[in-house]
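Breakdown of the fold
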Amino acid sequence: MSPKSALKAKSEPTLPVASSRPTLLLAWYDRHRRRLPWRAAPGEASDPYRVWLSEIMLQQTTVKAVGPYFEKFVARWPDVSALGRASLDNVLRMWAGLGYYSRARNLYACAVAVTREHGGIFPDTEEGLRALPGIGPYTAAAIAAIAFDRRTMPVDGNIERVVSRLFAVEEELPQAKPVIQQLAATLLADSRAGDEKSRAGDSAQALMDLGASICTPKKPACSLCPLNEDCVAGAQGTPETFPRKAPKKSGTLRRGAAFVVTRGDELLVRSRPERGLLGGMTEVPGSDWLAGQEDSTAKQQAPELKGLPHWQRKVGVVTHVFTHFPLELVVYTAKAAARTRAPAGMRWVPIATLADEALPNVMRKVIAHALG
DNA sequence: GACTCGTGGTG
DNA sequence: TCACCAAGAGT
């Protein structure tokens, strides 16, 4: 303990330690923490592999959506070396439906790197973690704190919201990120000398649990909040107006056509380019997806399929909303003769095994619309 | 710093 | 309904 803090402690002997925000936060967490599949039991060491896997899956994705995927992954690949020995195709198939598919590619690349370059052991520092594929500033800090008890504060959307309310940060996001990062770090409990744990991971997860269950985007339950007493936005009665941010523009509608061609009990599919939207995932052939495109224009774009007779347009359209644009697809179906060969770059797959394909949800919608 | 990148839930 | 949001990263 430094002379300065010793002096402070002596001059303010009546200030109860338990009233500090970090302490209140941890006390609340010990009572109300969520039980999640990737969390170690209280007092037990957490598995860096499970922490890493969950953090990647949880990027921009809800706890509820991640649950089944996490269980599937750890059942099939119980450690990072097992995942590193898998194939990218199998990883993409297991990831299908969870979204943001570049995460799956980076997940696999990271597992290979840890297996081959780090002997199957994750780096235990923020810097070392940050150098791995798919691990950015947030995830590096989260793993360092949760898995290795490094005294650092990861800042995600939850923590941005909690902190911006607690201190009534008027600056808009994303400009406010550095300020929020600094303020968030003040919520870490002090490191004690010797064998005392910093509990940085618990502090971070406490803020996330708080953001998920009490300090919610809309209608926060301030009366249940352990930090209610010194929340500036709460005192102002305006917690919902934080964090400040500029309104985002919605994307322009794009249209396209999709062609569902069957050959008996098989379906014609192809793989999308490795980079870009739905990179590397399976799709049925179709037109480009363009703003202002007419359905009749979209239908022209299938030169490889021109030979097929009896095209039938399904009534209605399939709609899907991506992060930055909504999409409308018209669906055409055709039946190919028994021994029709797949055009270059395409292949026939049994309809019965479509569930095992790396099919993004928008394609599942298209196929269901066509065949259902 | 501004875009790109999925999907499902919410009020 | 629809805008917003969710344990963000890569370019």
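Residues numbered from 1 in each chain as written. Chains lettered and ligands numbered in written order. Predicted model: local features only at pLDDT ≥ 70, side-chain atom pairs only at ≥ 80, totals over all residues. Heavy atoms only, no water.

The name that an unreviewed UniProt entry assigns to chain A is Adenine DNA glycosylase, with the source organism given as Bradyrhizobium commune. Per UniProt, the comment on chain A under Catalytic activity (unreviewed entry) is "Hydrolyzes free adenine bases from 7,8-dihydro-8-oxoguanine:adenine mismatched double-stranded DNA, leaving an apurinic site." The UniProt entry for chain A carries this comment under Function (unreviewed entry): "Adenine glycosylase active on G-A mispairs. MutY also corrects error-prone DNA synthesis past GO lesions which are due to the oxidatively damaged form of guanine: 7,8-dihydro-8-oxoguanine (8-oxo-dGTP)." (UniProt positions renumbered as here; feature names shortened; annotations may be inferred.)

1. Comments concerning the protein's contact with DNA strand B
Around DNA strand B, the surrounding shell holds 20 residues, and the nearest of these are Y101, L278, V321, T323 and N361. Backbone sugar and phosphate groups make up 62% of those atoms of DNA strand B lying within 4 Å of the protein. Of the residues in the surface near DNA strand B, the class split is nine nonpolar, nine polar and two charged. (Near = heavy atom within 4 Å. Nonpolar A, V, L, I, M, F, W, Y, C, P; charged D, E, K, R; others polar.)

2. Here's the deal with the protein's contact with DNA strand C
Around DNA strand C there are 24 residues in total, and E55, G134, D156, N158 and R161 lie nearest to it. Protein-proximal atoms of DNA strand C, defined as those within 4 Å of the protein, fall in sugar or phosphate at a share of 64%. Note that a phosphate oxygen of DNA strand C is positioned 2.8 Å from one of the backbone N or O atoms of Q60. The separation between a phosphate oxygen of DNA strand C and a polar side-chain atom of T139 is 2.7 Å. Contributing elements (two or more residues each) for the surface near DNA strand C: α9 (137-148) and α10 (157-166). Of the residues belonging to the surface near DNA strand C, the class tally is nine nonpolar, eight polar and seven charged. (Polar contact = N/O pair within 3.5 Å; in protein donor to acceptor, adjacent residues only side chain to side chain. Helix = DSSP H or I, 4+ residues; strand = E, 2+ residues; numbered from the N terminus.)

3. Some points on the environment of C225
By secondary structure assignment, the location of C225 is in the loop between α12 (200-213) and α13 (232-236). Taking relative accessible area as the criterion, C225 reaches 18% and is therefore assigned buried. The spacing of C225 and I214 is eleven residues in sequence and 6.5 Å in space, taken between C-alpha atoms. Excluding residues within four positions of it along the chain, C225 makes contact with L210 and I214. (Buried < 20%, exposed > 50% of the residue type's maximum accessible area, 1.4 Å probe, protein only. Contact = heavy atoms within 4.5 Å.)

4. Brief notes about the environment of A344
When you line up the elements, A344 lands in the loop between β7 (326-335) and β8 (346-350). Residue class for A344 comes out exposed when judged on its relative accessible area of 77%. For the pair A344 and E304, spaced 40 residues apart in sequence, the C-alpha to C-alpha distance is 8.2 Å.

5. Considerations on the domain arrangement of chain A
Accessible area lost on assembly of the parts is the figure often given for the size of an interface. Segmenting chain A into domains produces domain 1 (20-241) and domain 2 (254-371). Between domain 1 and domain 2, the C-alpha centre-to-centre distance is 37 Å. Facing the seven residues of domain 1 at the interface are 13 residues of domain 2. Carbon and sulfur atoms supply 55% of the area that domain 1 and domain 2 bury against each other, a total of about 730 Å² over both sides. Applying the counting criterion to the domain 1 and domain 2 interface returns one salt bridge. Its salt-bridge partner being R105, residue E274 comes within 3.9 Å of it at the nearest N-O pair. At the junction of domain 1 with domain 2, the criterion picks out one residue pair in polar contact (both at pLDDT 80 or more). Taken together, the residues of the side of domain 1 that touches domain 2 break down into four nonpolar, one polar and two charged. (Domains from an automatic or database assignment. Buried area = accessible area lost by both parts, 1.4 Å probe. Salt bridge = Lys/Arg side-chain N within 4 Å of Asp/Glu carboxyl O.)

6. A short note on the pattern of salt bridges
Scanning the entire structure with this criterion turns up 15 salt bridges. Where R150 meets D124, a salt bridge forms, and the shortest distance between an N and an O atom there is 3.5 Å. With R150 in the loop between α9 and α10 and D124 in the loop between α7 (102-117) and α8 (126-130), the pair connects residues that are 26 residues apart, well separated along the chain. With a relative accessible area of 37%, D124 lands in the partly exposed category. Close ionic contact of K177 with E160 constitutes a salt bridge, the shortest N to O distance being 2.7 Å. Taken together, the positions of K177 in helix α11 (residues 177-185) and E160 in helix α10 put the pair 17 residues apart, joining distant regions of the chain. Here the residues in one salt-bridge network are D30, R199 and D202, joined through shared partners.

7. Examining the side chain of E160
Judged by relative accessible area, E160 falls into the buried class, the value being 11%. Filtering out sequence-adjacent residues up to four positions away, E160 remains in contact with V155, L173, K177 and I180.

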